[in-house]
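# Fold and contact review
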Amino acid sequence: EAGVVQSPRYKIIEKKQPVAFWCNPISGHNTLYWYRQNLGQGPELLIRYENEEAVDDSQLPKDRFSAERLKGVDSTLKIQPAELGDSAVYLCASTRDQETQYFGPGTRLLVL
Amino acid sequence: QKEVEQDPGPLSVPEGAIVSLNCTYSNSAFQYFMWYRQYSRKGPELLMYTYSSGNKEDGRFTAQVDKSSKYISLFIRDSQPSDSATYLCAMSATSGSRLTFGEGTQLTVNP
């Protein structure tokens, strides 16, 4: 089966610009996660969706970050406006029925 | 203090060596323990998944969990150059909930 798909793979923007990342989870996986991984660190959860409901967004910086998961399948994570400190890899993961999480390749963001 | 501590390395070993990777944690609520492998510019790939204390073996990989000591380990036998990657420990309190990761150990296996 196909894995988690993310796009774009790389994005370079100037600070204060908006940016969006897209994730298509593994077919049939009802839970979707967005993690952020800073250089030399482990991933940290930003938001978790159960179907289309955000059930854990306590670590999402809501002043500039937003996410949506329409129809409980694909998801989009947006940053507006981006700051220098947002440079990181944004990882999407999915799981079916609370089982193990499978990660996509990530979107590598560089904010100049 | 971080909830999960992991020595970042780097760790360099010759081909065929036994590798030991470790993590300690402070949150006694953690019940599910995982090891992920991450190659450069790739997403983490699940290697081992363990519930509660005990050992689990899969080919050349063995995962151990000691909840009384809040200590988990991953052993790699007969290490290969293809094992060169960053190894991340991860854990969660309930199945499917947020994973808390260590910072990863960078491993290089030299031919």
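Further up the page is the structure itself.
From a predicted model like this one, the values you see are computed outputs, not experimental measurements.

All names here are of chain B. Here Ser 92 is to be found in strand β9 (residues 85-92). Judged by its relative accessible area of 2%, Ser 92 falls in the buried class. C-alpha of Ser 92 to C-alpha of Glu 57: the two residues are 35 residues apart in sequence and 20 Å apart in space. Residues contacting Ser 92, with those up to four places away along its chain left out, are Ala 29, Phe 30, Gln 31, Tyr 32, Met 34, Ser 97, Arg 98 and Leu 99. Only 3.1 Å separates the side chain of Ser 92 from the backbone oxygen of Thr 94, close enough to count as a polar contact.

Residue-level contacts link 18 residues of chain B with 23 residues of chain A. Its largest share of buried area at the contact with chain A, chain B owes to Arg 41, Gly 96 and Arg 98 of chain B, together 37% of the area lost on that side. One can count 1 salt bridge joining chain B with chain A. The salt bridge partner of Arg 98 of chain B is Asp 56 of chain A, with a shortest N-O separation of 2.9 Å. Where chain B packs against chain A, one counts 8 residue pairs in polar contact (both at pLDDT 80 or more). Listing elements by their share of the side of chain B that touches chain A, those giving two or more residues are β4 (32-38) and β5 (45-51) of chain B. Class assignment for the residues of the side of chain B that touches chain A results in 7 nonpolar, 6 polar and 5 charged.

Right, let's get into the nonpolar core. Ranked by internal contacts, the top residues of the largest apolar core, which has 24 residues, are Trp 35, Ile 72, Leu 74, Ile 76, Tyr 87 and Met 91 of chain B. One finds Cys 23, Leu 32, Tyr 49 and Leu 109 of chain A within the second-largest nonpolar core, a separate group that totals 21 residues.

On to the sheet that holds strand β3 (residues 19-25) of chain B. Residues and elements named next belong to chain B. With antiparallel pairing, the 5 strands of this open sheet are ordered in space as β1-β3-β8-β7-β6. This sheet does not close on itself; its edge strands, each paired only once, are β1 (4-6) and β6 (54-58). Ignoring which end each strand starts from, the neighbouring axes of this sheet average 15 degrees apart. Note that β6 and strand β7 (residues 61-66) share 5 bridges and pair antiparallel. Residue pairing across strands places Glu 57 opposite Thr 62, the latter belonging to β7.

Rules used throughout
- Per chain, residues are indexed from 1 in the order of the written sequence.
- The lettering of chains begins at A and the numbering of ligands begins at 1, in the order of writing.
- Selection of residues for local features in this predicted model requires a pLDDT of at least 70, selection of side-chain atom pairs for listing and counting requires 80 or more, and totals for whole chains, interfaces and linings are taken over all residues.
- Hydrogens and water are ignored here; the side-chain numbers use all heavy atoms of the structure.
- Starting at the N terminus, helices and strands are each numbered in turn, a helix being any DSSP run of H or I of at least four residues and a strand any DSSP run of E of at least two.
- Buried, partly exposed and exposed residues are distinguished by accessible area as a fraction of the type maximum, computed with a 1.4 Å probe on protein chains only: under 20%, between the cut-offs, and over 50%, respectively.
- Note on definitions: a residue-residue contact is assigned when non-hydrogen atoms from the two residues lie within 4.5 Å.
- A 3.5 Å cut-off defines polar contacts: any pair of N or O atoms within that distance qualifies, except that in protein one atom must be a possible hydrogen donor and the other a possible acceptor, and neighbouring residues in sequence count only when both atoms are side-chain atoms.
- The quantity reported as buried area is the accessible area (1.4 Å probe) lost by two parts once they are put together, taken as the sum for both.
- Any Lys or Arg side-chain nitrogen located within 4 Å of an Asp or Glu carboxyl oxygen qualifies as a salt bridge.
- All residues other than Ala, Val, Leu, Ile, Met, Phe, Trp, Tyr, Cys, Pro, Asp, Glu, Lys and Arg, Gly among them, are scored as polar; the first ten of these are nonpolar and the last four charged.
- As used here, the term nonpolar core means buried Ala, Val, Leu, Ile, Met, Phe, Trp, Tyr and Cys residues forming a set that is joined through side-chain atoms within 4.5 Å.
- For two strands to be treated as a pair, DSSP must find no fewer than two bridges joining them.
- Axis definition: a line fit to C-alpha positions, over the contact stretch in the case of helices; interaxial angles, taken between N-to-C directions, run 0 to 180 degrees.

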